[in-house]
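For reference, the chains in residue letters:
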Amino acid sequence: MNNFLVIFKHYTKRSWMDIIGPLMFTLMPLGIIIFNIVASEENMENGYNLAATGASAVMLIAFQFFCGQILLHYFMKDFRGDMRFRLQAAPVSGTSFIVGAVLASWVFSVIQGLIIIIVTALFFNVYWGNPLITALIFLIVSIMSQLLAALTALLSNKYSTATAISFIYCFGFMILSGVMIGSLGDNALMNFLETRGTPLSLAWRGIHYSGFILDDMNQAWINISILAIMTVVLAVAVFIVAKRRRSV
Amino acid sequence: MLATLNNLVKRYNDTTALDHLNLNVYEGEILGLLGPNGAGKTTAIRALCGLINADSGEITVFGQRQNIKNLSVRRNIGLVTQEITVFKELTAEANLRYFGGLYGLKGVELTANVKEVLEFVGLSEHAKRKPGAFSGGMQRRLNIACALVHRPKLVIMDEPTVGIDPQSRNHILESVKRIAQRGTTVIYTSHYMEEVQAISDRIAIVDSGRVIVEGTLEKLVSLIQHEHAVYLTAVMPSKALEEDLKAIAGVKSVKQNGADYTIVSGANSGNVNRIMEVAVRHGGVKSFSEAKANLEDVFLTLTGKKLRDDGKVS
């Protein structure tokens, strides 16, 4: 337990010491949301700005996945470089390092996401749907993004490879969900990808199902369930890969 | 016996890094591991620290079998890595607190150990500074401190002086001696002969994945030294002096060149004082020196290779 706390504190400290990370992962999505508000015609419904609402849900979820970059950065730096010899020589299991680092990075991304939710709700009239559903989706996605980053790091030996993979899935989710460059086509596959084919589409639609925009609580719970299953599968995969590597 | 590496074999694809390596480490000693780059020193150290498993053979440390799953044995080992492995974004003190914490230290004990180790490596004044702003020598000292903060019984130093200035090197060598004086066992690997010669109680020469010889410097030198030469310059050179020198027990030959004499004896003949007495009786000596074999001669003789300063052989 002591080891876990030491590692958790260490990565938390490093995440927040580097000002670029918090700024980039908080200000950039807010900037994109503001840009969307300015660029769109005002579309108010029930007192909420729908342009800002659409952009906010997508940015919140997309940047949760980008937040995995922080974990990836520290993981590759510490466990693929020379530092790994000193860390692995310590009486600490690889699992403790992974859990400590993942949780520290998760807390960071949750705080970053909360700032986006609070700022957009207070200043941009953004509608965040049912608070319980939104909170569940947000927490599940933030854990999933950290697990995805951890898996990427465990499977990569080079920093450049790991970064490339993470950018591919982050942008891939945005493109396939149809939120970055619009719909890729009107067929069964594309429709599936845009509605349930990626964690991003499941998450942002789940938030909108929970309120007056898409208004279907059953669909919201289905999306939450799929996201939860994906997260559990990812957690098992991380555990298996970590065990197979024998060390971090 | 503190640690034993018994018949270790480690292969990486077609390369044999350790080829039935055997080594004993005794409590309280400074064991110098000398060998060129690629000799297997670092692989042996990693196996000893439990960072890698050997393909075959056995490692025992503090009476326990060492392998990558044995975490408890690591609590008493400190590894000084070849590269500087400190967090440049954290202060020197924060680095030490983190590494101490990983070894289970906390509270008052952690604070006391951090303070002590900073003093030990001469970085107390720089505790709140980040190592990114340190000189190379200071970074090396912090690198060593990070391995000492939990007061290990065994410190393993893998080429800790690579790429630093002579002053910092001397500081580190003095530190190694002081670590050993506290009762800590030290394994010191280097390809710098003079370092190993200066600080080691025992030396093991590693080449091609195996220990080819181990022992004290005197023992290693005696393995290769079959003759012993004394050079003297006489105040009053004479044929009689030459004849008297030849008559000394153990002397094999005497060569005279003006006032200079070269006297060659068998190894361990112990006749240096007698040679001096004879020379003084014949009018005294202007200068006197002995030719002693050193570690470089031992290495060259036993491996057939000359070890260069960059760790490569020629």
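As a starting point, this report considers the structure included with it. The model shown is predicted, which means the values in this text are computed figures rather than measured ones.

### Topic: the overall build of chain A
Part 1 of the reasoning: Per the secondary structure count, chain A includes ten helices and two strands.
Part 2 of the reasoning: Its C-alpha atoms give chain A a radius of gyration of 19 Å, near enough to 18 Å, the size a compact globule of 248 residues would have.
Part 3 of the reasoning: With the principal axes as the frame, chain A shows a C-alpha extent of 60 × 40 × 30 Å.
Part 4 of the reasoning: Counting only contacts in chain A whose residues sit at least 6 apart along the sequence, the fraction spanning at least 24 positions is 77%.
Part 5 of the reasoning: Entry remark: accessible area of chain A is about 11,000 Å², with carbon and sulfur atoms responsible for 68%.

### Some thoughts on the overall build of chain B
Part 1 of the reasoning: Along its length, chain B carries ten helices and 14 strands.
Part 2 of the reasoning: Projected onto its principal axes, the C-alpha coordinates of chain B cover approximately 75 × 45 × 35 Å.
Part 3 of the reasoning: The buried share among the 314 residues of chain B stands at 52%.
Part 4 of the reasoning: Put simply, chain B shows about 13,900 Å² of open surface, and 48% of that area lies on carbon and sulfur atoms.
Part 5 of the reasoning: Distance between charge centres in chain B, computed from 38 positive and 34 negative side chains, equals 5 Å.

### Considering the interface of chain A and chain B
Often the size quoted for an interface is simply the accessible area lost on bringing the parts together.
Part 1 of the reasoning: Each partner contributes to the interface: chain A provides 25 residues, whereas chain B provides 28 residues.
Part 2 of the reasoning: Across the interface of chain A and chain B, roughly 2,400 Å² is buried in total on both sides, 64% from carbon and sulfur atoms.
Part 3 of the reasoning: Three residues stand out in chain A for area buried against chain B, namely Phe85, Arg86 and Pro91 of chain A, and they jointly supply 31% of the buried area on that side.
Part 4 of the reasoning: At the surface where chain A touches chain B, the tally comes to two salt bridges.
Part 5 of the reasoning: Glu89 of chain B is the salt-bridge partner of Lys77 of chain A, the closest N and O atoms lying 3.8 Å from each other.
Part 6 of the reasoning: Inspection of the region where chain A meets chain B yields six residue pairs in polar contact (both at pLDDT 80 or more).
Part 7 of the reasoning: Contributions of two or more residues to the side of chain A that touches chain B are made by α1 (2–17), α3 (50–79) and α4 (83–88) of chain A.
Part 8 of the reasoning: Residue composition of the side of chain A that touches chain B, by class: 13 nonpolar, five polar and seven charged.

### Remarks on the nonpolar core
A general trend in soluble globular proteins is that nonpolar side chains are found buried together.
Part 1 of the reasoning: One finds Tyr98 and Leu102 of chain B to be the most contacted residues of the largest nonpolar core, which totals 143 residues.
Part 2 of the reasoning: Counting residues per element, this core draws most heavily on α3 of chain A, which supplies 19 residues.
Part 3 of the reasoning: Apart from the residues within four sequence positions on either side, Leu102 of chain B is in contact with Asn3, Val6, Ile7, Leu87, Ala90, Pro91, Val92 and Phe97 of chain A.

### A short note on helix α9 (residues 272–281) of chain B
Residues and elements named next belong to chain B.
Part 1 of the reasoning: Of all the residues in α9, the buried ones are Val272, Ile275, Val278 and Ala279. End-on, the buried residues of α9 take up no more than an arc of 125 degrees, which puts them together on one face. Residues Asn273, Val280 and Arg281 are exposed on α9 and point more than 90 degrees away from its buried face.
Part 2 of the reasoning: In this fold, the buried residues of α9 make contact with β11 (227–234), α8 (239–246), β13 (260–266) and β14 (285–291).
Part 3 of the reasoning: Positioned one or two residues after α9, Gly283 has a phi angle of 115 degrees, which is positive.

### Overview of the pattern of salt bridges
Residues and elements named next belong to chain B.
Part 1 of the reasoning: Tallied over the entire structure, the rule returns 19 salt bridges over all chains.
Part 2 of the reasoning: The partner of Arg210 in a salt bridge is Asp19, and the shortest N-O contact between them spans 3.6 Å. Placement of Arg210 in strand β10 (residues 210–215) and of Asp19 in strand β2 (residues 15–25) is noted, with a sequence separation of 191 residues between them.
Part 3 of the reasoning: The class of Asp19 is partly exposed, set by a relative accessible area of 26%.

### Side note on α8 of chain B
Residue and element names in this part refer to chain B.
Part 1 of the reasoning: Of the residues making up α8, those classed as buried are Leu241, Glu242 and Leu245. One side of α8 carries all its buried residues, which in axial view fall inside an arc of 100 degrees.
Part 2 of the reasoning: Contacts made by the buried residues of α8 are with β11, β12 (251–257), β13 and α9.

### Points about a nonpolar patch on the surface
Part 1 of the reasoning: Judged by side-chain polarity, Ile19, Ile20, Leu23, Met24, Leu27 and Met28 of chain A come together as a nonpolar surface patch covering roughly 570 Å² of accessible area.
Part 2 of the reasoning: For Ile20 of chain A, the position within the fold is in helix α2 (residues 20–39).

### A closer look at the environment of Tyr11 of chain A
Part 1 of the reasoning: Here Tyr11 of chain A is to be found in helix α1.
Part 2 of the reasoning: Expressed as a C-alpha distance, the spacing of Tyr11 of chain A and Thr120 of chain A, which sit 109 residues apart in the sequence, is 28 Å.
Part 3 of the reasoning: Here Tyr11 of chain A is in contact with Tyr74, Asp78, Phe79, Ala101 and Ala104 of chain A together with Tyr98 of chain B, once residues within four sequence places are set aside.

### Considerations on the packing of aromatic side chains
All names here are of chain A.
Part 1 of the reasoning: All told, the structure shown has 17 aromatic pairs over all chains when counted by the stated rule.
Part 2 of the reasoning: Seen in terms of ring centroids, Phe66 and Phe167 are 6.3 Å apart; in terms of plane orientation they differ by 55 degrees. Their pairing is tilted. One end of the pair, Phe66, is in helix α3; the other, Phe167, is in helix α7 (residues 159–176), with 101 residues separating them in the sequence.
Part 3 of the reasoning: Given a relative accessible area of 10%, Phe66 falls into the buried group.
Part 4 of the reasoning: For the ring pair Phe79 and Phe97, a centre distance of 5.1 Å and an interplane angle of 65 degrees mean the geometry is edge-to-face. Here the residue Phe79 occupies a position in helix α3, and Phe97 occupies one in helix α5 (residues 94–123), the gap between them amounting to 18 residues.
Part 5 of the reasoning: Relative accessible area serves as the criterion here: at 1%, Phe79 is assigned to the buried category.
Part 6 of the reasoning: When its relative accessible area of 2% is taken as the criterion, Phe97 is described as buried.
Part 7 of the reasoning: Aromatic ring contacts, followed pair by pair, group Phe63, Phe66, Phe167 and Phe171 into a single cluster.

Conventions used here
Residues numbered from 1 in each chain as written. Chains lettered and ligands numbered in written order. Predicted model: local features only at pLDDT ≥ 70, side-chain atom pairs only at ≥ 80, totals over all residues. Heavy atoms only, no water. Helix = DSSP H or I, 4+ residues; strand = E, 2+ residues; numbered from the N terminus. Rg over C-alpha atoms; globule rule 2.2 N^0.38 Å. Contact = heavy atoms within 4.5 Å. Areas by Shrake-Rupley, 256 points an atom, 1.4 Å probe, with all protein chains shown as cover. Buried < 20%, exposed > 50% of the residue type's maximum accessible area, 1.4 Å probe, protein only. Lys, Arg positive; Asp, Glu negative; His and termini not counted. Charge placed at Lys NZ, Arg CZ, Asp CG, Glu CD. Buried area = accessible area lost by both parts, 1.4 Å probe. Salt bridge = Lys/Arg side-chain N within 4 Å of Asp/Glu carboxyl O. Polar contact = N/O pair within 3.5 Å; in protein donor to acceptor, adjacent residues only side chain to side chain. Nonpolar A, V, L, I, M, F, W, Y, C, P; charged D, E, K, R; others polar. Core = buried A, V, L, I, M, F, W, Y, C linked by side-chain atoms within 4.5 Å. Arc of directions from axis to C-beta. Patch = residues over 30% accessible without salt bridge, like charges linked within 9 Å, V, L, I, M, F, W, Y side chains within 5 Å. Phe/Tyr/Trp six-rings, centres within 6.5 Å; stacked < 30°, edge-to-face > 60°.

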